[in-house]
Structures are given as C-alpha cells and as structure tokens.
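In case you want the letters, here they are:
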Amino acid sequence: MKSLKIALAALVGLVAVSCYNDFDTPAPQKLYVDDDMAAMGLTRITIAEVKEKFGPISNTGTNDNFSTTKTLKFGTRTSEEAKFDGLMEWPEASKYYIKGKVISSDRQGNIYKSLYIYDGTAGIELKLYNGLYLDFLLDLASKPIKSQWVYVRLDGLYLGNYRMMLSIGGAPSDGINTAGTHKYYANSNLDNPRVAKLNVFAGEYVPLEASDILEVDASNYTSLGEDQLGRLVRFKGIKVRYAGYPNQDGVTNPPLK
C-alpha cells in the first residue's frame, strides 16, 4: 500500500509538472493551409463568386423589416428560417470555403469588429469580434507590407448587405438603435472568438502585393463601382481641403462636386 501511495504521488507530480510546462511554454499557434481545408472536405470558391451568388445589392439593405432585408444563408435553412421571405439559402455552399489576405486592421480603432479580406477577385467584410489585430496581421508600416491568409468555412454563416456593403457573419438580427428606431440587420457579428474560430482560420503570413491594393487617382476615381467595395484603397495625387467652410487660414474654398 505504501508503494502504491508513493507511485500515485509521483504520478500526480509528473502531471502537475507537465501541465506547468505546457502553460509556461505554450505551443505555437496553428497556421492553416489549403491541405487543412481539403481534409475537412471543402472546396475553394472565390469571393467574387460568393458576391455574385447574392446578386444585385441595390435596394436590399433598407432594413425596414425582415422581408426587405435580404440574407443568403450558406447551407440549408431551418424550418423557422424558411418563414422569412428575405432569407434565401445556398445548400451547396456548405462544401465551400473562401481564402483571402487580411487588408484591414482595427488596431487604431477606426474599424470596429470587422475584418476585410481580399483574394485577387474581390474583397469582403467578415463581421467578427473586437481586438482582431491580435489574431490577424496587417502591418502597413513594414516593407513589404505584412499580411496573412484567412480561411473561412462558409457552412452555417450568412451573407448580407448593410448600406451597400456585403458582409459574412452570423444569423440575421434586429434591435432598437440609439435613436429609438427598430432596425433589422441581414446578419450579425460573431462576437465570441471561440464561436468565430469554428469557421474562421488564420493562415500563413504573406506579403501584401501591389496588386492587392487598389490605387485611385484622377484617372479612375469616377469609374469605381460595386466591384471595388471592400477593397483596400490607396489615394494618389489628391488634394484635401475644406469645401464651403473657412480653413485654418480663414480662406473659404468653393464646394466641390
């Protein structure tokens, strides 16, 4: 019996030490690759193809009620969801994933609970949680700019339009805003990081190429359209000024078109 007690004590000590070592020196974060998606039985589809499946976005983000708030579910609707006229389904999407480079950062606070990715065909917003810069890299100060791949398993997520911006997120939701207006939203944020990570996976680090950034200047700014929504944009050769109001020198420039 004494020998058994000593053996059990040694085993408990070994487990404690092992746990302490794992906590003290955690394993590196797994960075996903294409083979991981293949192992899940998923096939890649482009962001442009996803947006095309939604169709025209005009007049689909009025948010007056759920009938006028168009949403596309990746997968099959439940019996309850089938009751909503504005909620469509795409059953085949349960077998697809998209992959894009990170092109946004919420580190400075001017982007909130959103991550934008771009795959060479289009950009799109992912409605996630706060503090995304801790999990997904975009370093605009580095040369070359550092980014990383992000994989999104579409199954069970929802594609919707709010104010002309298509995004991927959780189920549709509604609520009362600060002005007391009842608003309806085509999808919602995946606020819990653990829930988000069931569908959104950080991939390998890669440089952001020049082609990943849309350069806008005097030659093309009037030709931008819906296809460019969600892109990372660099404005070149522009002049910023107050329009119709006195500036710091007391000069009032005429309003601009």
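Structural data are supplied above this passage.
Quick caveat: nothing in here was measured; it's all calculated off a predicted structure.

Chemist: When you look at a nonpolar patch on the surface in this model, what are you seeing that I'm missing?
Modeler: Taken together, the side chains of V233, F235, I238 and V240 make up a nonpolar region of the molecular surface, amounting to roughly 420 Å² of accessible area. Tracing the chain through its elements places V233 in strand β14 (residues 232-235). Assessed through its relative accessible area of 32%, V233 is described here as partly exposed.

Chemist: How do you make sense of unusual backbone geometry when you look at a structure like this?
Modeler: Keep in mind that most residues, glycine aside, have a negative phi and that most peptide bonds are trans. The omega torsion of the bond from K143 to P144 falls at -5°, within 30 degrees of zero and hence cis. With respect to the secondary-structure elements, P144 resides in the loop between β6 (123-127) and β7 (146-153). Although it is not a glycine, M164 adopts a positive phi angle of roughly 75°. Here M164 lies in the loop between β8 (158-162) and β9 (165-169).

Chemist: What exactly am I supposed to notice about the nonpolar core here?
Modeler: Burial of nonpolar side chains together is a common tendency in soluble globular proteins. In terms of nonpolar packing, the biggest core is built from 40 residues, with F74, I98 and L126 touching the most fellow members. Among the secondary structure elements, those contributing two or more residues to this core are α3 (47-54), β2 (71-74), β4 (96-102), β5 (114-118), β6, β7, β9 and β12 (200-207). In terms of residues, this core owes the most to one element, β5, which gives 4 residues. Ignoring anything within four residues of it in the chain, the contact list for F74 reads V50, W90, A93, L154, D155, G156, L157, Y158, L159 and I168. By size, the runner-up hydrophobic cluster in this structure holds 7 residues, among which are M37, L42, W149 and V206.

Chemist: Whenever I open this one, empty space enclosed by the protein confuses me. Can you help?
Modeler: One water molecule sets the probe size; rolling that probe over the atoms shows where empty space is left. Applying the stated criterion across every chain yields a total of 1 cavity of 30 Å³ or more. Estimated volume of the largest cavity: approximately 30 Å³. The class makeup of the residues in the lining of the largest cavity is 4 nonpolar, 3 polar and 1 charged.

Chemist: What's the story with the layout of surface pockets in this structure? I'm lost.
Modeler: The space that makes up the second largest pocket amounts to roughly 240 Å³. Broken down by element, the lining of the second largest pocket gets its largest block of residues, 3 residues, from α3. Of the residues contributing to the lining of the second largest pocket, the split by class is 7 nonpolar, 2 polar and 4 charged.

Chemist: Teacher, can you tell me more about the packing of aromatic side chains here?
Modeler: For any pair of aromatic rings, the description consists of the separation of the ring centres together with the inter-plane angle of the planes. Within this structure, the stated rule accounts for 7 aromatic pairs. Look at F74 and W90: their rings are 6.0 Å apart centre to centre, the planes differ by 55°, and that puts the pair in the tilted class. Pair noted here: F74 is in strand β2 and W90 is in strand β3 (residues 87-90), with a separation of 16 residues, a long-range link. Note on F74: relative accessible area 0%, which makes it buried. Among the aromatic side chains, those forming a connected cluster through ring pairs are F66, F84 and Y184. Of note, K30 hangs over the ring of Y32, and the distance from its end group to the ring centre comes to 4.9 Å. A cation over a ring is seen here: K99 above W149, with NZ or CZ 4.3 Å from the ring centre.

Chemist: Help me understand the pairing of β7 in this model?
Modeler: Successive side chains on a regular strand alternate, one facing one side of the sheet and the next facing the other. Counting buried residues in β7 gives 6 out of 8 residues, a clear majority hidden from the surface. Pairing of β4 with β7 involves 5 bridges; the strand directions are antiparallel. Its bridge partner being in β7, K99 is matched across the sheet by Y151. Inspection of the sheet shows β7 paired to β12 by 6 bridges, in the antiparallel sense. If you follow V152 over to β12, its bridge partner there is V200.

Chemist: Which parts of the structure should I look at to understand the side chain of T69?
Modeler: Among the structural elements, T69 can be located in the loop between α3 and β2. A distance of 2.7 Å separates a polar side-chain atom of T69 from the backbone oxygen of N65. Excluding anything up to four places from it in sequence, T69 contacts T60, N63, D64, G86, Y184, Y185 and A186.

Chemist: Mind showing me how you'd approach α3 here?
Modeler: Within an α-helix, residues lying three or four positions from one another point in the same direction, as the helix has 3.6 residues per turn. Buried residues of α3: I47, V50, K51 and F54, and no others. Projected down its long axis, α3 carries its buried residues within an arc of 95°, all on one side. Once α3 finishes, G55 follows within two positions and takes phi at roughly 90°, a positive value.

Conventions adopted
Here, residues in each chain are numbered from 1, in the same order as that chain's written sequence. Totals for whole chains, interfaces and linings use every residue, but because this is a predicted model, local features are given only for residues with pLDDT of at least 70 and side-chain atom pairs only at 80 or more, for both listing and counting. Calculation of side-chain values draws on the structure's entire complement of heavy atoms; hydrogens and water are dropped beforehand. Patch definition: residues with relative accessible area over 30% and no salt bridge; like charges joined within 9 Å; nonpolar side chains (Val, Leu, Ile, Met, Phe, Trp, Tyr) joined within 5 Å. Accessible surface is estimated by sampling points in the Shrake-Rupley manner with a 1.4 Å probe; for residues, cover comes only from the protein chains shown. Only one rule defines a salt bridge in this text: a Lys or Arg side-chain nitrogen within 4 Å of an Asp or Glu carboxyl oxygen. Working definition: helices are DSSP H or I runs of at least four residues, strands are E runs of at least two. Numbering for both runs from the N terminus. Burial classes: relative accessible area under 20% of the type maximum marks a residue as buried, over 50% as exposed, and values in between as partly exposed (1.4 Å probe, protein chains only). Each nonpolar core is a collection of buried residues, namely Ala, Val, Leu, Ile, Met, Phe, Trp, Tyr and Cys, held together in the definition by side-chain atoms within 4.5 Å. Two residues qualify as a contact provided that any one of their heavy atoms is within 4.5 Å of a heavy atom in the partner residue. Using protein atoms alone on a 1 Å grid, points that fit a 1.4 Å probe yet trap it form a cavity, whereas open point sets bounded by protein on both sides within 12 Å along at least five of seven lines form a pocket; residues with an atom within 4 Å of a point count as lining. Grid points are joined across faces, edges and corners, and a volume is the space filled by probe spheres set on the points. Under this grouping Gly is polar, as are all residues other than the nonpolar Ala, Val, Leu, Ile, Met, Phe, Trp, Tyr, Cys and Pro and the charged Asp, Glu, Lys and Arg. Geometry of aromatic contacts follows a simple scheme: Phe, Tyr and Trp rings, the Trp one being its six-membered ring, pair when their centres are within 6.5 Å, and the pair is stacked under 30 degrees between planes, edge-to-face over 60, tilted otherwise. When the NZ atom of lysine or the CZ atom of arginine is within 6 Å of a ring's centre and also within 35 degrees of its normal, the charge is said to sit over that ring. In short, DSSP must find at least two bridges between two strands for them to pair. Polar contacts here mean pairs of N or O atoms no more than 3.5 Å apart (in protein, one a potential hydrogen donor and the other a potential acceptor; neighbouring residues in sequence count only if both atoms are side-chain atoms). In this context, the arc is that of the directions from the helix axis out to the C-beta atoms.

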